[in-house]
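# Fold and contact review
One-letter residues, chain by chain:
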Amino acid sequence: MVSEYYCEFIKEAFIHPIRSVLIVDDSYPTYDEVLCAQHLLNTGKKPDYQKGWYKNPKQVRGTIRKFRENDPPLLVDVHDGMNIDAEAEKKIARHLHQSDLLVLDYELDQEKPEDGTQAIGILRNLMANDHFNLVVIYTSKNLDHVFSEVRWGLASPCLNFLCENEETKATELIQEAEDEIQNLSDLIEKSIAEEQYFHSRLYSSSYLRTMGKGNQPYSEFFDLAGGTGWNPEERKLVLRYALNQFEKSHLKVMNTEACNGDLVWSTKSSSRSAKWIKSKSVFICFSRKSNDDDLLNQLQVALNDWGPNPSRLFLAKLRAAMDEYGVVAQTQALSSKYALAYWYNQLLYADPLERRWHVAESISRHSDQLMETVLPKVRDFAKRLIDAEVKEGTIQHRCKDHFKVNLGIDQTRTRAALEHNALVCSRNPEGWHLTTGHIFSMCNEYWLCLSPACDMVPSQISKWQRETFGEGLPFMAIKLQQCKKNKVPSDVQSNRYLFLRFKDDVQIHCFNDPSGDASSPHWDTLYAKDAGKFNGEDFRFMVWRTEKDESELVLRCHEAEVVSQLRYEYALNLIHKLGVSLTRIGLGFSDGKPKT
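Procedures and definitions
- Residues numbered from 1 in each chain as written.
- Predicted model: local features only at pLDDT ≥ 70, side-chain atom pairs only at ≥ 80, totals over all residues.
- Heavy atoms only, no water.
- 1 Å grid on protein atoms, 1.4 Å probe; cavity = no way out; pocket = protein on both sides within 12 Å on 5 of 7 lines; lining within 4 Å.
- Points joined across faces, edges and corners; volume = space filled by probe spheres on them.
- Helix = DSSP H or I, 4+ residues; strand = E, 2+ residues; numbered from the N terminus.
- Nonpolar A, V, L, I, M, F, W, Y, C, P; charged D, E, K, R; others polar.
- Pairing = 2+ DSSP bridges.
- Buried < 20%, exposed > 50% of the residue type's maximum accessible area, 1.4 Å probe, protein only.
- Contact = heavy atoms within 4.5 Å.
- Expected span 1.5 Å × (residues − 1).
- Arc of directions from axis to C-beta.
- pLDDT = per-residue confidence, 0-100.
- Patch = residues over 30% accessible without salt bridge, like charges linked within 9 Å, V, L, I, M, F, W, Y side chains within 5 Å.
- Areas by Shrake-Rupley, 256 points an atom, 1.4 Å probe, with all protein chains shown as cover.
- Salt bridge = Lys/Arg side-chain N within 4 Å of Asp/Glu carboxyl O.

## Quick look at the layout of surface pockets
If you add up the space inside the largest pocket, you get close to 1200 Å³. Mapped by element, the contributors of at least two residues to the lining of the largest pocket are strand 5 (264-265), strand 6 (276-278), helix 14 (295-306), helix 15 (310-333) and helix 18 (395-403). For the lining of the largest pocket, the leading source of residues is helix 18, giving five residues. Of the residues that constitute the lining of the largest pocket, the class distribution is 15 nonpolar, eight polar and eight charged.

In structure tokens, the structure reads:
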């Protein structure tokens, strides 16, 4: 559980922005039902409703009243969950884009009082979109049971417990050991249940070590394996096999149509502990129905138990600020009408290929104008949070608590510095043609384009260039030298190093020979086919390079692909560095060393 002061910032980032609630519950009244009931009463007839709200409205009224008493009062909409099919589930999921909080009854099918299939279907559809949704599963059933069912229904199969041929090897190990331990296969099956399975999913990188130490929840399996004579690797193999078999027995209830590897959940076993499940786009907490529920408070408790880190709070506050102040910011962004007209004029006159670049640039400029109004709100929030953290007096533990990263360990600190440098130095590639700062792979080498951006625009190629080089666009490039040691160089401030992120790995490349600061870069003049335009929607293009043949120099064409891009200020720095290298003087100086 996070500190009390931190809870207030979670509340400001996630709870305060809530303005509307959608309740999906078959025991709640819809507007149609209320109006029809009043119509029947006016005509002297008694409404014949079987829903719980009509006979005992206290619970429904209490829940809605809590939302109405909120500051500010929330807009509440109700869907009774009737006649929901697969297509209707998708419509409800889309409708939630207009609501900030979904309160979802677990049992929506009155004919199947113990079944939560429809609710799980709605949650699956929510998880498939990119809008972040807050959800409260509202039920009169046992929360542990509902939590378990929802977790199974949202989890996608792991499918990678075993590699090819490992299943056969595992079964052979078990069969051989049954000569010594009777019914070993059944005993192993009993030792691996829901607790062990979901522990392995939540701690996929460490669960085998946990078992190897005989710790819970694998102590029973560990004791069984101890009497078989299996070595540590064989024990791990059999455990993975048992987990795989357990998963196979539950595939029919799992989310086989999606890959939810980012699914996490609460782990406290106490019945009083908050229960929650989180995916990339959904946060779900669980609440038991009563007559005076404060669902916003229960959602707050679950969010506190999750403990989102400060960076997530900053971004959540940014989203909320955009929603609240977006119209004011938009008005301010639109005030410079002459500049806006000039930008739009550029879009209209640009040719189809060049227009892609102008559109991206125009949208970036518009967003910059928009952010000038919104960002001060987020900066104030961030400052208050940091001030509170510093005042708490436990600065050295904050990063470990929030991010599970211990910067006191040398290896961890190095990785943090590498990731920081990569984010500061480079970004994902963009554009429709080769330009300054693009890093491309060619012939298993990495090259960096360092020609000025104005010389790389296909529509601005001069007449003499077209007559001289045809469809080839000449450009300057340097071959990057990869550093062998993946740690921050001692001379990292020497303006020579590039930090590039490929998936989860950060590679360090150097502008010249890493062993010599004064060494010359490996530069070349290359020729981009079709003026450097990318093929389709990816970043592939063709390059001609002058190469040595048996007796002469020849031009050979190679496929290249842009894999990263330097931030513009870093690219400009290396253009200057290349220029200095190409115009250096002092070659006639003597170093004073005797000839040998």
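Moving on, there is more to tell.
## Details of the sheet that holds strand 12 (residues 481-482)
What the three strands build is an open sheet, ordered 12-14-13; its pairing is antiparallel. Each edge of the sheet is formed by a strand with only one pairing partner; in this case those strands are strand 12 and strand 13 (497-502). Direction of pairing for strand 12 relative to strand 14 (residues 505-510): antiparallel, over a ladder of two bridges. Counterpart to Gln 482 in the pairing with strand 14 is His 509.

## Notes on the environment of Ala 422
By the secondary structure assignment, Ala 422 is in helix 19 (residues 410-425). Residue class for Ala 422 comes out buried when judged on its relative accessible area of 3%. In the structure, Ala 422 is positioned 171 residues away from Leu 251 in sequence and 40 Å away in space, judged by C-alpha atoms. Setting aside chain neighbours within four positions, we find Ala 422 in contact with Phe 499, Arg 501 and Val 506.

## What to know about helix 16 (residues 337-349)
A rise of 1.5 Å per residue sets the reference length of helix 16, with its 13 residues, at 18 Å; its end C-alpha atoms lie 18 Å apart and thus fit the reference within 8%. Of the positions making up helix 16, those classed as buried are Leu 340, Trp 343 and Leu 347. For helix 16, the angular spread of buried residues about the axis comes to 65 degrees, placing them on one side. Opposite the buried face of helix 16, at more than 90 degrees from it, the exposed residues are Tyr 338, Tyr 342, Leu 348 and Tyr 349.

## Structural notes on the confidence of the model for the protein chain
Summarising the model, the protein chain shows a mean pLDDT of 86, and 91% of its residues fall at 70 or more. Mean pLDDT across the elements of the protein chain bottoms out in helix 5 (residues 86-95) (54) and peaks in strand 6 (96).

## Observations concerning a nonpolar patch on the surface
On the surface, Tyr 344, Leu 348 and Tyr 349 cluster together into a nonpolar patch covering about 420 Å² of accessible area. Here Leu 348 lies in helix 16. Judged by its relative accessible area of 55%, Leu 348 falls in the exposed class.

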